[in-house]
Structure formats: C-alpha cells, structure tokens
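# Breakdown of the fold
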Amino acid sequence: MILVVGHKNPDSDSICSALVATELLKARGLEAKAVRQGDINRETQFILEQAQVEQPEFCNSVAGQDVWLVDYTDLAQGPDDLEQANILGIVDHHRLGDVTTVNPLEAWIWPVGCTSTILFNLFKMENHEITKPMATLMISAILSDTVGFASPTCTDKDKAAVAELAVLAGIDDLDAFIKALLIAKTDIEGLSAAQLVEKDLKAYPFNDRQLVVGQIELATLEQVDSMIDALEADLQRRCDEEGLAMAALMLTDITTSTTRLLFKGEWSAKLDAHSEAGVLMMENTLSRKKQGWPWLQGVLA
Ligand SMILES: [Mn+2]
C-alpha cells in the first residue's frame, strides 16, 4: 500500500493532488491511499462537494511505509517521521527541498502553477481515463493555485490543462466557477487569529535557523483590519514557543495583487527599513513562492 501525502496545513492542491495521484497509482494497478496531515480549508471543502469526493483520512505518521509526496519536497512540510519512510514518488511544482531517498524514485517536478497540472499530463501520457470527479479536482486545484490564472506562477501548461479539464468536468461557465472558488478561498468569517496564521503556514529553514511564512488570501485587506494586533500577537507567540528567527504573515488582496506583510521575531529589524509607520506593503505580490519568499530571502540574507 502506497500512502500519497500532501504537505502540512494542506491547501486545495495538496488535497486534490493527493486524491488524483492515488487514482493514477491505482490506474497503474497499484494499491494506494490518499492521506492528509491536517484539516481541510473551506475552499477545499467546496471543491470536494463539487467533485462529490470524500476527503482523505488523517495520517501524520509514515515510518516504514511506502509513500508518494505531492506538492512539496521539504522534510519540514512532511510528517515528522518522513525520514523513516520509503519515498517512491514525488509530484511537485516547488523548488527542490531537502528530502533524500534510499532507493531510486519516480520524480515529476515541473515549473508550472500547480501539481495537478503535472498529474493531468501524466494521465494523458499513460492514456488513463480521467473521470468527471478527477477532472473537477484537478481543474479546481489549478485555478486555486494560480488564483484564476492571475498568479505569476501560472504557465501555458496550466491554461491548456484547464481548457481540457473544463470539458471533462462539465463546467460550461468557467468564469462563474472561478468566482465561486475564489469566494470560498477568501472566506475567513469566524476564524480566530491563530487559525488564520495556521491556515497556510509554511516552515522555511534559512541560514541554520527556522522561520515560518503564512499567507491569507483575501477579497479585500479590510477583512482583517480589526485583527492586526491579534495576528501579530500570534506571530510573536510562535517565535517565543518555537524559537523561530521570524514568523511572518502575508495578507494578500487577490483582486489587486497587493500584500501587507506582518512579521515578528529576532530578525524583524531587518524589515523595518521597508516599513512605513510600522506597515510593510508589497505591491504586485500575489505569490509567496515566486514573489514573497524570494524578496524576504534577499532582505534577510
Ligand atoms: Mn501547489
């Protein structure tokens, strides 16, 4: 049995691609099961309802098991005992992380906007049927990761995949589908500061220290106006409790590609020069991977 596992704090790609990669392995005649390392978010819930697919079961221990990783290659983003697992496969679209393997593995790492774009191409290369639920999962993951094609991470391969998947998923009005998806993506009603920081938080080892960078995608920055103090307090708490060099949170207005960065920790002073009256705005910044994190690395180096 191969466990297919996405990253911690799963986003829609991490869940959808785990389900789709599991179907790919089954189509090859293998036994496989998708698992998740955390609770699904509201957007993913919406997608699973559209696709009429059950969420993967929770699993955060993979020692001694055969695994495929989807949407990451960093040990910090995997189950804590990932180093004791037998990694047989990787499908990802991020920079190469620090996982290593004992045995040869199958790795598909493409510089595209979404893991599901790679999986779609694998299904086609191997001539496996793409069912409507699988098409719905893949098109949703691609539109989520590329923020409806607006992200600089979006490539022609992502757009081509969406065009074909829309037909297979039976989506006639793509604009309406994107809108419904983005509404679910930016729904933060009733979430606490800690839940918001945790929602899409990623750990990055840097210069022998650990830092975390979260991101909340919003329809307008006003959605979090009343929560700035509480969010900053939660970032400080994480630094204190986990010995982080920095905890940062990107508040991203996905309609204008404008990001406000909140940050706490020992390295905060390095960012002060880029703030005005304590507010750090990043214009034209939608993607943590392509814009937010590279900029931060440059400033912190
Ligand atoms: Mn992804």
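Note on numbering: residues in each chain are counted from 1, in written sequence order. Given that the model is predicted, a residue must reach a pLDDT of at least 70 before its local features are reported, and side-chain atom pairs must reach 80 or more before they are shown or counted; all residues, however, enter totals for whole chains, interfaces and linings. Here the side-chain values reflect all heavy atoms present in the structure, with hydrogen atoms and water set aside.

### Topic: the overall build of the protein
Within the protein, the regular secondary structure consists of 10 helices and 11 strands. Between the two quantities, the radius of gyration covers C-alpha atoms and the globule rule is 2.2 Å times the number of residues to the power 0.38. What you see for the protein is a C-alpha radius of gyration of 19 Å, in line with the 19 Å of a compact globule of 301 residues. When a residue's accessible area, from a 1.4 Å probe over protein chains only, is under 20% of the maximum for its type it is buried; when over 50% it is exposed; and in between it is partly exposed. Per-residue burial over the protein gives 57% buried out of 301 residues. The contact rule is simple, with two residues in contact once any of their heavy atoms fall within 4.5 Å. The contacts in the protein between residues at least 6 apart in sequence include a share of 62% that link residues at least 24 apart. Residue-level accessible areas treat just the shown protein chains as cover; the underlying method is Shrake-Rupley with a 1.4 Å probe. In the form shown here, the protein has an accessible surface area of approximately 13,000 Å², with 48% of it arising from carbon and sulfur atoms. We count Lys and Arg on the positive side and Asp and Glu on the negative side, and we leave His and both chain ends out. Working definition for charges: the position is that of NZ of Lys, CZ of Arg, CG of Asp or CD of Glu. Computing the positive centroid from 24 side-chain charges and the negative centroid from 46, the protein places the two 2 Å apart. For the purposes of this entry, the term helix denotes a DSSP run of H or I that reaches at least four residues, the term strand denotes a run of E that reaches at least two, and both are numbered from the N terminus.

### A short note on helix α1 (residues 12-27)
Expected span of a helix: the number of residues minus one, times 1.5 Å. An ideal rise of 1.5 Å per residue puts 22 Å on 16 residues; α1 measures up with 22 Å between its terminal C-alpha atoms. A large share of α1 lies buried, amounting to 13 of its 16 residues. Directly beyond the C-terminal end of α1, a positive phi value near 90° is found at G29.

### Digging into the domain arrangement of the protein
Domain ranges listed in this record stem from an automatic or a database domain assignment. When the domains of the protein are assigned, the result is domain 1 (2-184) and domain 2 (193-300). Here domain 1 and domain 2 have C-alpha centroids that lie 25 Å from each other. Summed over both partners, buried area is the accessible surface (1.4 Å probe) that two parts give up on being assembled. In total, domain 1 and domain 2 occlude about 1,300 Å² of area from one another, counting both sides; carbon and sulfur atoms represent 55% of this. We define a polar contact as two N or O atoms separated by no more than 3.5 Å, with the added condition that, inside protein, one atom must be a possible hydrogen donor and the other a possible acceptor, whereas residues neighbouring each other in sequence contribute only through side-chain atom pairs. Between the two partners, domain 1 and domain 2, sit two residue pairs in polar contact (both at pLDDT 80 or more). When residues are grouped by polarity, Ala, Val, Leu, Ile, Met, Phe, Trp, Tyr, Cys and Pro land in nonpolar, Asp, Glu, Lys and Arg in charged, and all others, Gly among them, in polar. Residues belonging to the side of domain 1 that touches domain 2 are distributed by class as follows: six nonpolar, seven polar and one charged.

### Brief notes about the sheet that holds strand β6 (residues 106-109)
Strand pairing in a sheet relies on backbone hydrogen bonds, with the paired strands running either antiparallel or parallel. In this description, strands pair whenever DSSP reports at least two bridges between them. Ordered in space as β3-β2-β1-β4-β5-β6, the six strands form an open sheet in which the pairing is parallel. The open sheet terminates on both sides in strands that have one partner only, identified here as β3 (57-58) and β6. Pairing of strand β2 (residues 32-36) with β3 involves two bridges; the strand directions are parallel. The partner of V35 across the bridge, within β3, is E57. The axes are straight lines fitted to the C-alpha atoms, using for helices just the contacting stretch, and the angles between their N-to-C directions are given from 0 to 180°. Lying over the sheet, α1 contacts β1 (2-5), β2 and β4 (66-70), oriented at roughly 170° with respect to β2. Packing against the sheet, helix α3 (residues 115-125) makes contact with β4, β5 (86-92) and β6, and its axis sits at approximately 105° to β5.

### Topic: the coordination of the manganese ion
Sites may look incomplete because water is not among the atoms; the donors themselves are N, O and S atoms within 2.8 Å of the metal, or within 3.2 Å for Na, K and Ca. With distances of 2.1 to 2.3 Å, the protein atoms coordinating the manganese ion are D13 (OD), D71 (OD), H93 (NE2) and D145 (OD). Donor residues for the manganese ion sit on one chain with the sequence pattern D-x57-D-x21-H-x51-D. Placement of D13 in helix α1 and of D71 in the loop between β4 and β5 is noted, with a sequence separation of 58 residues between them. For the residue pair D13 and D71, the accessibility class agrees, reading buried in each case.

### Quick look at the sheet that holds strand β9 (residues 246-253)
Pairing is mixed in the open sheet, where five strands are placed in the order β7-β8-β9-β10-β11. In this open sheet, the two strands that pair with only one neighbour each are β7 (201-206) and β11 (280-282). Neighbouring strand axes in the sheet, compared pairwise and without regard to direction, differ in orientation by 25° on average. Two elements, β9 and strand β10 (residues 258-264), share seven bridges in a ladder whose sense is antiparallel. Residue pairing for β10: L249 is matched across the bridge by L262.

### Considerations on the nonpolar core
Here, the term nonpolar core denotes a set of buried Ala, Val, Leu, Ile, Met, Phe, Trp, Tyr and Cys residues that are joined through side-chain atoms within 4.5 Å. One finds L119, I130, L137, M138, I139 and L165 to be the most contacted residues of the largest nonpolar core, which totals 52 residues. Aside from chain neighbours lying at most four places away, what touches I130 is F120, F123, A135, M138, L165 and L168. V197, L201, M227 and C239 belong to the second-largest nonpolar core, a separate cluster that totals 21 residues.

### So, the packing of aromatic side chains
By convention, a stacked pair of Phe, Tyr or Trp rings (six-membered ring in the case of Trp) has centres within 6.5 Å and planes under 30 degrees apart, an edge-to-face pair has planes over 60 apart, and any other such pair is tilted. Applying the stated rule across the entire model yields three aromatic pairs. Centre to centre, the rings of F206 and W267 are 6.2 Å apart; their planes meet at 75°, and the pair counts as edge-to-face. Taken together, the residues span a long stretch of sequence, with F206 in strand β7 and W267 in the loop between β10 and α9 (269-272) at a distance of 61 residues. Like F206, the residue W267 is buried in the burial classification. A centroid spacing of 5.7 Å and a plane angle of 75° characterise the contact between F206 and W293, whose relative ring orientation is edge-to-face. Residue F206 is located in strand β7, and its partner W293 is located in helix α10 (residues 288-300); the two are separated by 87 residues in the primary sequence. The two residues F206 and W293 agree in class, both being buried.

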